[in-house]
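# Observations on the model geometry
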Amino acid sequence: MAKSNGELMAKMEAQAPAERPRSVADEVANYLKRDSVKEQIASALPKHMTPDRLARVVLTTIRTNPTLLECTVPSLMSCTMQAAQLGLEPGLLGHCYFVPFNRKIKGSNGTPDRWVKDVQFIIGYKGLLDLVR
């Protein structure tokens, strides 16, 4: 019995990643791992930050705020690039924030209007102080 349970568990673990739906955080993580994206972020970042550090901070921010997981990936990537260009880190330091907002998309040809969640990049006062320095 133990052997069959072990085989069953191994089979379930092998199938679990393939059946698990991809989350927004996983999509952003895969996007940030691409070499071309890393090069673009590295060219925008100041010398004191690395693309890997920014990617870790952004993913932590996205995973800790459940509302950000409902937002569109392009708006998350736009906020990430804005943070990279300014050299600010979202999260606990208060340099900048990723704030989710609802945006209404007008329907065309008789389709109903729909709402999507987008992320907006907002600089905190600590980030402004760092930029002034």
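One can find the structure itself at the top, above this paragraph.
Residues numbered from 1 in each chain as written. Predicted model: local features only at pLDDT ≥ 70, side-chain atom pairs only at ≥ 80, totals over all residues. Heavy atoms only, no water.

Turning next to the pattern of salt bridges. With the rule as written, the count across this model stands at 7 salt bridges. One salt bridge connects Asp 26 with Arg 63, and the closest N-O pair in it is separated by 4.0 Å. Remark: Arg 63 occurs in helix α4 (residues 51–64) and Asp 26 occurs in helix α2 (residues 24–33); sequence separation between them is 37 residues. We classify Arg 63 as partly exposed; its relative accessible area is 48%. Of the charged contacts in the structure, one is a salt bridge between Asp 130 and Arg 133, with a shortest N-O distance of 3.4 Å. (Salt bridge = Lys/Arg side-chain N within 4 Å of Asp/Glu carboxyl O. Helix = DSSP H or I, 4+ residues; strand = E, 2+ residues; numbered from the N terminus. Buried < 20%, exposed > 50% of the residue type's maximum accessible area, 1.4 Å probe, protein only.)

Turning next to the packing of α2 against helix α5 (residues 73–86). Where α2 contacts α5, the axes come no closer than 10 Å and their chain directions differ by 50°. On the basis of their axis angle, the class for α2 and α5 is oblique. Handedness of the α2/α5 crossing: right-handed. Seen from α2, the contacting residues are Val 24, Glu 27, Val 28, Tyr 31 and Leu 32; seen from α5, they are Val 73, Leu 76, Met 77 and Thr 80. (Axes fitted to C-alpha atoms, helices over the stretch in contact; angles between N-to-C directions. Parallel < 35°, antiparallel > 145°, perpendicular 65-115°, else oblique. Left-handed = near helix turned anticlockwise from the far one by under 90°. Contact = heavy atoms within 4.5 Å.)

Within the fold, Asp 118 resides in strand β2 (residues 114–123). Given the relative accessible area of 15%, Asp 118 is considered buried. At 2.8 Å, the side chain of Asp 118 forms a polar contact with the side chain of Thr 72. In this structure Asp 118 touches Cys 71, Thr 72, Ser 75, Val 99, Pro 100, Phe 101 and Arg 103, once residues within four positions along its chain are discounted. (Polar contact = N/O pair within 3.5 Å; in protein donor to acceptor, adjacent residues only side chain to side chain.)

Time to look at the packing of aromatic side chains. In this structure the tally under the stated criterion is 1 aromatic pair. Ring plane angle 55° and centroid distance 6.4 Å describe the contact between Phe 98 and Phe 121, whose orientation is recorded as tilted. Highlighted residues: Phe 98 in strand β1 (residues 96–105) and Phe 121 in strand β2, separated in sequence by 23 residues. Here the two residues Phe 98 and Phe 121 agree in accessibility, since each one is buried. (Phe/Tyr/Trp six-rings, centres within 6.5 Å; stacked < 30°, edge-to-face > 60°.)

On the secondary structure map, Gln 40 appears in helix α3 (residues 35–44). In this structure, the C-alpha to C-alpha distance between Gln 40 and Ala 84, residues 44 residues apart in sequence, is 9.6 Å.

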